[in-house]
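Observations on chain architecture
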Amino acid sequence: MSKLPPAPPSLNELRQEIDSIDAQVHQLLMSRGDIIDRLISVKQTQEVGSAFRPAREADMMRRLVQRHRGILPIDTVEGIWRVIISTFTYVQAPFSLHADLSLGESAMRDSARFHFGFTVPYISHFSAQAAVEAVAKSKGDLALVSATSGQTPWWHELEAEGVPKIIARLPFIERADHPAALPVFVVSRVADSAMVTEVECWSVRVSGWNAEIARALAPLADVVVVPDTAFDGASLLVSISAPQTFDGIKAALIAAGASVRSSALVGSHATRYTVPADGASQA
Ligand SMILES: C=C(O[C@@H]1C=C(C(=O)O)C=C[C@H]1O)C(=O)O
């Protein structure tokens, strides 16, 4: 006599399993919240501007993607953790997001909501300059500005000591079809020790700027350019990753015929991290 195969679980049993998992996930989130009070005192969150720790967050997002398996889309996992991390940062020290909408509203709003959720207050500005100025006047607010184009050299506001700097580039995890793919710089005031310095962002003012110089620079660094009438030249925001160095970029600019009038480090961020279509990730 052959044995009957075991009966499949009933729908009710499967739903009980899901309810039990949901209760555990919720319990774990509440336990995560219980750590915050202790974290605030150990980390001295109140003393620097923002509780946002870009180095830690970039590392957490990379590890999340590396360990992910199964049918849940990576977009969903990334979005859930962005909301968890941002909201926990917010409950440590409330902050607002100042988004520059001058290059389009919907993609910027999607980026803000995907990376920071709906609890963090969202404030619209009609220029990058205004968003960055609002952050400069605040203790720990964040500005979101385009990382690839600009209408004004807003990064001049970041040149002095003690002012906000570029602290991150979003999305943390780049890939084709990212639901919030707009390249965005996050500008804020954070503790120096919390900065991730893999990619340096330099404000460089040059005279004698032309298409040939732009072509010489293109393979060496990512550059946002706006005309600078005062110098009959251009204001550049140059993102430099190893093995390139600022001195190397400066030498390339001079060799191509530009004069470098001034330069200042205006921030830094984690190395861009890309997940190719087949799922394996690479720095
Ligand atoms: C919890 C911290 O503060 C923030 C919140 C984080 C989180 O919720 O995991 C991580 C980094 C910080 O932006 C921390 O510094 O570890």
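Residues numbered from 1 in each chain as written. Predicted model: local features only at pLDDT ≥ 70, side-chain atom pairs only at ≥ 80, totals over all residues.

Taken as a whole, the chain shows an average pLDDT of 92; of its residues, 95% reach a score of 70 or greater. Interface scoring of the predicted complex returns ipTM 0.97; its pTM is 0.93. (pLDDT = per-residue confidence, 0-100.)

Turning our attention to the domain arrangement of the chain. Per the domain assignment, the segments of the chain are domain 1 (49-195) and domain 2 (201-266). Here the C-alpha centroids of domain 1 and domain 2 sit 25 Å apart. Listed per partner, the contact involves twelve residues of domain 1 and nine residues of domain 2. (Domains from an automatic or database assignment. Contact = placed C-beta atoms within 7 Å.)

The next thing to look at is the site of the ligand. In the vicinity of the ligand, the contacting residues are Leu 39, Lys 43, Ala 51, Phe 52, Arg 53, Arg 56, Glu 57, Ile 85, Phe 88, Thr 89 and Gln 92. Where the shell around the ligand is concerned, the elements lending two or more residues are helix 2 (36-43), helix 3 (54-67) and helix 4 (74-92). The class makeup of the residues in the shell around the ligand is five nonpolar, two polar and four charged. (Near = placed C-beta within 6 Å. Helix = DSSP H or I, 4+ residues; strand = E, 2+ residues; numbered from the N terminus. Nonpolar A, V, L, I, M, F, W, Y, C, P; charged D, E, K, R; others polar.)

Attention now moves to the packing of helix 3 against helix 4. Each pair of packed helices can be summarised by the angle the axes make with each other and by the distance between the axes. The geometry of helix 3 relative to helix 4 is characterised by a closest axis approach of 11 Å and an angle of 150° between their N-to-C directions. Between helix 3 and helix 4, the angle is such that the two are roughly antiparallel. With respect to the hand of their crossing, helix 3 and helix 4 are arranged in right-handed fashion. Side by side, helix 3 and helix 4 meet where Glu 57, Met 60, Met 61, Leu 64 and Val 65 of the first sit next to Ile 74, Val 77, Glu 78, Trp 81 and Ile 85 of the second. For the contact of helix 3 with helix 4, the class distribution of residues is eight nonpolar, no polar and two charged. (Axes fitted to C-alpha atoms, helices over the stretch in contact; angles between N-to-C directions. Parallel < 35°, antiparallel > 145°, perpendicular 65-115°, else oblique. Left-handed = near helix turned anticlockwise from the far one by under 90°.)

Interhelical geometry of helix 4 versus helix 5 (residues 106-116) gives an angle of 75° and a closest axis separation of 6 Å. Judged on the interaxial angle alone, helix 5 and helix 4 are roughly perpendicular. Facing Gly 79, Arg 82 and Ser 86 of helix 4, the residues of helix 5 in contact are Phe 114, His 115 and Phe 116.

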